[in-house]
Amino acid sequence: MTDGTRTSPPLAGTASVTVEMLRVIAPGSTTTEGIVLDGNPVTIGREGHVTGPLARADSEISRQHAIIARGPNGIWSVTDQSSRNGTFVDGARVETAALRDGSVIRAGRTLLVFAQTRMRADERLAAPADARLVGDSLAALRVHGEIALVARQPLPVLVLGETGVGKELVAEEIHRRSRRAGPFIAVNCAAIAPELAESELFGHVAGAFTGARAAADGLFVAAEGGTLFLDEVGELPAELQPKLLRALAQGEVRAVGSTTARRVDVRVVAATLRDLDAEVAAGRFRGDLFNRLAGWRIEIPSLRARRDDIVAIASAFLRAANGPALGPDAAEALLLHDWPGNVRELERVIAAAVVRATDARAAELGLAHLPPPLVERLGTRVTASTAPPLLVPSTSPPTRDELCHVLTRMDGNIARVAEHFGKERQQIYRWAKRLDIDLDAYRRES
């Protein structure tokens, strides 16, 4: 696997299969842990009290917190086991809840995303080779597998997807992995004035039109030996489309005002958020040009369609901005938002949150640093970042009242009390004995 790709295991007697997974989301990490569900129930619980992949070293998780199981109808659900801090699905506390693709589960400080996807037996998956392309969901690995497969082929590529999903980054990665010696040049077709579009792409000779004092080569010639990225290609003026078709079909361009054509060796990658099939059917885009551009199609999924990548991408933006660590409450809020602006919107939200967190000298990015519409998805639930601050100092042995206060706030959870004071649990037991505190009176065991 020298190209960093892998193929899914063979599927006996079938062309595709539904893969069901739990993705364990770790705020601050750019990778996630994937647990493939094989049909057997799995238990979320505290490490040392349950076995299996969901035994977590999380002081806010109960010993037996919740069970995730598939019912006779084939639908997976999560059932709370009378846990101390509750189980939440998509922001709401539940006793039992059915799971769908993209469901966000929270138990203690642990976040999970339930993912379902259809996979072909011969599907090619690949890890991203560019650090800017963060995400290891199956949807992301599928895109990177497509990139690895087509990058060195002499085919035009059409990159499809909503605004803000990262189409230009994908085009750059195709160019980088193509090993073409020439440059990568990007042009936004929607930003070119229609009367100048032909000159921008193919060049012009001196005097070809008013203001053309000197000759210019154009972007096709500038991209010689490399890749020309035509972003928003669906916005090209109708009169320019046959000339672009000629450049793709014959590998030559003719400058405005010139009578001779020039050979060019340029690989074209185009992108659009328009439905070009519909545009062709409506007569607004040439079918022959569309067929040339779509030598290979890569569709970039929206961020809400790969929810398990959201926290990893946010964490990468935080590190790039030297921001604080991402707290679980803020991570949950990010996971629950639908991100109509996709990765571009997420980058903007994180940039603003870093400013707020830095101004507050926060050690952790929390709900207070996010815009209200994101926080509202959590409802009226009190979380660690919205609860009143715990004012008991952790730098000296507590008084009886102080230790009682901490025990009350933490429901008698000795591990969390010890974490607050920076001590081993045995020290909490010693203090309680010396101060004549009945620890059992503070526990809400589950």
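Residues numbered from 1 in each chain as written. Predicted model: local features only at pLDDT ≥ 70, side-chain atom pairs only at ≥ 80, totals over all residues. Heavy atoms only, no water.

### A few points about the overall build of the chain
Short version of the rule: Elements are defined by DSSP. Helices are runs of H or I of four residues or more, strands are runs of E of two residues or more, and each kind is numbered from the N terminus. Buried, partly exposed and exposed residues are distinguished by accessible area as a fraction of the type maximum, computed with a 1.4 Å probe on protein chains only: under 20%, between the cut-offs, and over 50%, respectively. Note on contacts: a residue pair is in contact if any heavy atoms of the two residues lie within 4.5 Å. Only the protein chains shown count as covering a residue, and every accessible area follows the Shrake-Rupley method with a 1.4 Å probe. Residues scored as charged are limited to Lys and Arg (positive) and Asp and Glu (negative), so that His and the chain ends carry no count. Each charge is placed at NZ for Lys, CZ for Arg, CG for Asp and CD for Glu.
A count of helices and strands for the chain gives 14 helices and 22 strands. For the chain, with 446 residues in total, the buried portion stands at 49%. Counting contacts in the chain only where the partners sit at least 6 residues apart, residues at least 24 apart contribute 64% of the total. Approximately 21400 Å² of the chain is accessible, and the part contributed by carbon and sulfur atoms is 50%. For the chain, the centre of its 54 positive side-chain charges and the centre of its 55 negative side-chain charges are spaced 2 Å apart.

### Some remarks on the sheet that holds strand 12 (residues 110-120)
Stated formally: The pairing criterion is simple: DSSP has to find at least two bridges between the two strands. Helix axes are fitted to C-alpha atoms over the stretch in contact, other axes to C-alpha atoms as well, and angles between N-to-C directions run from 0 to 180 degrees.
Strand order in the open sheet made by the six strands is 3-2-12-11-8-9, with antiparallel pairing throughout. Bordering the open sheet on either side are strand 3 (33-36) and strand 9 (92-94), each of which pairs with just one other strand. Across this sheet, the average inter-strand angle for adjacent strands is 30°, counted without regard to direction. Inspection of the sheet shows strand 8 (residues 87-89) paired to strand 11 (residues 104-107) by three bridges, in the antiparallel sense. Its bridge partner being in strand 11, Thr87 is matched across the sheet by Ala107. Against the sheet, helix 1 (residues 138-150) engages strand 2 (16-25) and strand 12, with an angle of about 45° to strand 12.

### Thoughts on the nonpolar core
Defined as follows: We call a set of buried residues a nonpolar core when its members are Ala, Val, Leu, Ile, Met, Phe, Trp, Tyr or Cys and they connect through side-chain atoms within 4.5 Å of each other.
In terms of nonpolar packing, the biggest core is built from 33 residues, with Leu201, Phe220, Leu228, Leu230 and Val233 touching the most fellow members. When residues of this core are traced back to their parent elements, those giving at least two are strand 14 (157-160), strand 15 (184-188), helix 3 (197-202), helix 4 (219-222), strand 16 (227-231), helix 5 (241-250), strand 19 (267-272) and helix 7 (287-293). Examining the composition of this core, we find that four residues originate from one element, helix 5, more than from any other. In contact with Val233, other than residues within four places in its own chain, are Leu158, Cys189, Leu244, Ala270, Ala271, Thr272, Leu276, Phe285 and Leu293. If you look at the next biggest cluster of nonpolar residues, it comprises 31 residues, including Ala331, Leu336, Trp339 and Leu378.

### Quick notes on the packing of aromatic side chains
Condition: Planes of paired rings set the category: under 30 degrees apart is stacked, over 60 is edge-to-face and the rest tilted, where pairs are Phe, Tyr or Trp rings (Trp by its six-membered ring) whose centres lie within 6.5 Å.
Summed over the entire model, instances satisfying the criterion amount to three aromatic pairs. With centroids separated by 6.1 Å and ring planes inclined at 20°, the aromatic side chains of Phe184 and Phe229 adopt a geometry described as stacked. A residue pair is termed long-range when its members are at least 10 positions apart, and Phe184 in strand 15 and Phe229 in strand 16 qualify at 45 residues. Judged by its relative accessible area of 21%, Phe184 is partly exposed. On the accessibility criterion, Phe229 (0% relative accessible area) is buried.

### Looking at unusual backbone geometry
One non-glycine residue with positive phi stands out, namely Glu232, at about 55°. Looking at the element boundaries, Glu232 is found in the loop between strand 16 and helix 5. For Asp436, which is not glycine, the phi dihedral falls at a positive 60°. Looking at where Asp436 falls in the secondary structure, it is placed in the segment after helix 14 (425-434).

### Some details on the packing of helix 13 (residues 414-421) against helix 14
As a reminder, the rule being used: Put simply, angles under 35 degrees are roughly parallel, angles over 145 are roughly antiparallel, angles from 65 to 115 are roughly perpendicular, and the rest are oblique. Polar here means any residue other than Ala, Val, Leu, Ile, Met, Phe, Trp, Tyr, Cys and Pro, which are nonpolar, and Asp, Glu, Lys and Arg, which are charged; Gly is therefore polar.
Closest axis-to-axis distance for the helix 13/helix 14 pair is 8 Å, and the angle between their directions is 95°. Taken together, the axes of helix 13 and helix 14 are roughly perpendicular relative to one another. Side by side, helix 13 and helix 14 meet where Ile414, Ala415, Val417, Ala418 and Phe421 of the first sit next to Arg425, Ile428, Tyr429 and Trp431 of the second. In terms of residue class, the contact of helix 13 with helix 14 is built from eight nonpolar, no polar and one charged.

### Quick word on the confidence of the model for the chain
Put simply, the rule reads: The quantity called pLDDT is the predictor's confidence in a given residue, expressed from 0 to 100.
Averaged over every residue, the pLDDT of the chain is 86; the share at 70 or more is 91%. Across residues 1-13, where pLDDT falls below 50, the model places 27 contacts with residues more than four positions away in sequence or in other chains. For the stretch residues 382-388, pLDDT sits under 50, and the model shows twelve contacts to residues farther than four places along the chain or on other chains.

### Quick look at the pairing of strand 19
Most of strand 19 is tucked away, with six of its six residues classed as buried. Burial along strand 19 is two-sided: the residues Arg267, Val269 and Ala271 and Val268, Ala270 and Thr272 are all buried. As paired strands, strand 14 and strand 19 are joined by four bridges and run parallel to one another. Note that in strand 19 the partner of Leu158 across the bridge is Ala270. In terms of strand pairing, strand 16 meets strand 19 through four bridges, oriented parallel. Along strand 19, the bridge assignment pairs Leu228 with Val268.

### Notes on the sheet that holds strand 10 (residues 96-98)
Backbone hydrogen bonds hold the strands of a sheet together, and the pairing may be parallel or antiparallel. What the five strands build is an open sheet, ordered 5-4-6-7-10; its pairing is mixed. A strand with exactly one partner marks an edge of an open sheet, and here the two such strands are strand 5 (55-56) and strand 10. Here strand 4 (residues 42-46) pairs with strand 5 via two bridges, running parallel. Bridge pairing in strand 5 links Arg46 to Arg56.

### Considerations on the pattern of salt bridges
When their charged atoms lie close together, side chains carrying opposite charge are able to pair. Counted only if it meets this: In the sections that follow, a salt bridge refers to a side-chain nitrogen of Lys or Arg positioned within 4 Å of a carboxyl oxygen of Asp or Glu.
Counting across every chain of the model gives 26 salt bridges. Between Arg132 and Glu172 there is a salt bridge, with its nearest N and O atoms 3.3 Å apart. Of this pair, Arg132 sits in the loop between strand 13 (124-126) and helix 1 while Glu172 sits in helix 2 (residues 167-178); the two residues are 40 residues apart in sequence, bridging distant segments of the chain. The partly exposed category is assigned to Glu172, whose relative accessible area is 24%. Put simply, Asp309 and Arg306 hold a salt bridge, and the shortest N to O gap is 2.9 Å.

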